[in-house]
Amino acid sequence: MANLRDRVKVATATTGTGTITLGAASSGYRTFASAYTTDRLVSYVIEDGAAWETGVGTYSVSGNTLTRTMDASSTGSTLSLSGSATVAIAFLSRDNVADWPFFEATFDGEVAATGNSFARAMLNTLVTDTHAGFNLSTSVYTVPQDGIYDILFKFRLIDGDIRTLSFGTGVGTTRGDTPAFSWWGGNLQRQGTTYRRVAYFQKNETLEAFYYIGSGTPPNIKALDLVIFRQM
């Protein structure tokens, strides 16, 4: 996770499981306000007596607050704070680049495409999936960690269909002609696209690769390759 800062630890009088209002710096430490001048996504650790919570949250400069999304805790759920906890910036295991999610799946062969509607791209070979996020039977990827993800989707139609086609590809939580969808048209012996997207996704959001092919009866799909990895 980017935006780490050294020696940031404060007290909080907040109670309950919601957004935290940050207080004075602990002895020998500094405040969030002294470390950040703009709103930032940060990794945090909360200590409340013997109880603890780690996760990722958004520090808001204007309110001096931290919204939180728990990764882990001593209780197994978001801590209900007592009013005498501390909150610190921390380097967590999720921040280790070597432990970030990486996934790739492919399709190679020939399969009929769906025409004139947004359709999920079905993959049949799992190359790698470091955090077990992909369901091969449904071709849906469940995001294992909050973060910024780099997505690459290669889409290729069969050779030899020289019709002028209107088609496009996308990867996201829902299918549709969104700003993140990419259209392509051509009249070539070999037709395909390479789609790339960098976006923030939350843990447990589901992603799918999808396509749209117009222009009457669509040609068959020849090959697919989907790569998703957490960038930060």
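Residues numbered from 1 in each chain as written. Predicted model: local features only at pLDDT ≥ 70, side-chain atom pairs only at ≥ 80, totals over all residues. Heavy atoms only, no water.

Trainee: Explanation requested: the overall build of the protein in the structure shown.
Mentor: Within the protein one finds one helix and 19 strands. In summary, the protein has a C-alpha radius of gyration of 23 Å against a globular reference of 17 Å for 232 residues, an excess of more than 25%. Within the protein, buried positions represent 43% of all 232 residues. Partitioning the intrachain contacts of the protein with sequence separation of at least 6 by distance along the chain shows that 70% fall at a separation of at least 24. Counting 18 positive and 20 negative side-chain charges, the protein places the centres of these two groups 3 Å from one another. (Helix = DSSP H or I, 4+ residues; strand = E, 2+ residues; numbered from the N terminus. Rg over C-alpha atoms; globule rule 2.2 N^0.38 Å. Buried < 20%, exposed > 50% of the residue type's maximum accessible area, 1.4 Å probe, protein only. Contact = heavy atoms within 4.5 Å. Lys, Arg positive; Asp, Glu negative; His and termini not counted. Charge placed at Lys NZ, Arg CZ, Asp CG, Glu CD.)

Trainee: Would you explain the sheet that holds strand 1 (residues 9-12) in this entry?
Mentor: The strands that make up a sheet pair up through hydrogen bonds in the backbone, lying either parallel or antiparallel. Spatially, 1-8-4-5-6-3 is the arrangement adopted by the six strands of the open sheet, whose pairing is antiparallel. If you trace the sheet from one side to the other, it starts and ends with strand 1 and strand 3 (20-21), each paired once. Here strand 5 (residues 51-60) pairs with strand 6 (residues 65-73) via eight bridges, running antiparallel. Looking at strand 6, one finds that V56 is bridged to T69. (Pairing = 2+ DSSP bridges.)

Trainee: What is the right way to look at the sheet that holds strand 17 (residues 192-201) in this model?
Mentor: One open sheet accounts for five strands, arranged 11-9-19-14-17; its pairing is antiparallel. Where the open sheet ends on each side, the last strands, each with one partner, are strand 11 (125-129) and strand 17. Going across the sheet, the axis of each strand differs from the next one's by a mean of 10°, ignoring polarity. Pairing geometry for strand 9 (residues 102-111) and strand 19 (residues 221-230), over eight bridges, is antiparallel. If you follow F102 over to strand 19, its bridge partner there is F229. (Axes fitted to C-alpha atoms, helices over the stretch in contact; angles between N-to-C directions.)

Trainee: Hey, could you run me through the nonpolar core in this one?
Mentor: Generally speaking, nonpolar side chains in soluble globular proteins are found buried as a group. Ranked by internal contacts, the top residues of the largest apolar core, which has 29 residues, are F153, F155, Y211, L224, L226 and I228. Secondary-structure elements contributing two or more residues to this core are strand 9, strand 14 (147-157), strand 15 (165-172), strand 17, strand 18 (206-213) and strand 19. If one sorts the elements of this core by residue count, strand 14 sits on top with five residues. Once residues lying within four places of it in the same chain are set aside, the contact partners of L224 are A105, T106, F107, A121, M122, L123, F153, K154 and F155. If you look at the next biggest cluster of nonpolar residues, it comprises 17 residues, including I20, A35, Y36 and I46. (Core = buried A, V, L, I, M, F, W, Y, C linked by side-chain atoms within 4.5 Å.)

Trainee: I keep staring at the side chain of E53 and nothing clicks. Help me out?
Mentor: Mapped onto the elements, E53 comes out in strand 5. In terms of polar contacts, E53 uses its side chain to reach the side chain of Y44, at 2.6 Å. (Polar contact = N/O pair within 3.5 Å; in protein donor to acceptor, adjacent residues only side chain to side chain.)

Trainee: Would you take a moment to explain the pairing of strand 19 for this structure?
Mentor: Among the ten residues of strand 19, seven are classified as buried, and the element is accordingly described as predominantly covered. Direction of pairing for strand 14 relative to strand 19: antiparallel, over a ladder of nine bridges. The residue of strand 19 that forms the bridge with L157 is I221.

Trainee: For this particular structure, what's the right way to read unusual backbone geometry?
Mentor: Of all residues except glycine, most have a negative phi; of all peptide bonds, most are trans. In this structure, N116 is a non-glycine residue whose phi angle is positive, near 60°. Residue position: N116 is located in the loop between strand 9 and strand 10 (119-120). Judged by its relative accessible area of 45%, N116 is partly exposed. Even without being a glycine, S139 presents a positive backbone phi close to 60°. Among the structural elements, S139 can be located in the loop between strand 12 (134-135) and strand 13 (140-142).

Trainee: Where do I start with the packing of aromatic side chains in this structure?
Mentor: The relation between two aromatic rings is expressed through the spacing of the ring centres and the mutual angle of the planes. The final tally for this structure, using the stated rule, is 15 aromatic pairs. Relative to F210, the ring of F118 has its centre 6.3 Å away and its plane inclined at 70°; by these criteria the two rings are edge-to-face. Of this pair, F118 sits in the loop between strand 9 and strand 10 while F210 sits in strand 18, placing them 92 residues apart in sequence. Looking at F210, the relative accessible area reads 2%, which means it is buried. Both rings, one in F181 and one in F210, keep their centres 5.6 Å apart while their planes meet at 15°; by these two values the pair is stacked. Highlighted residues: F181 in the loop between strand 15 and strand 16 (182-186) and F210 in strand 18, separated in sequence by 29 residues. A residue is classified by how much of its surface remains accessible, and F181, at 7% relative accessible area, is buried. (Phe/Tyr/Trp six-rings, centres within 6.5 Å; stacked < 30°, edge-to-face > 60°.)

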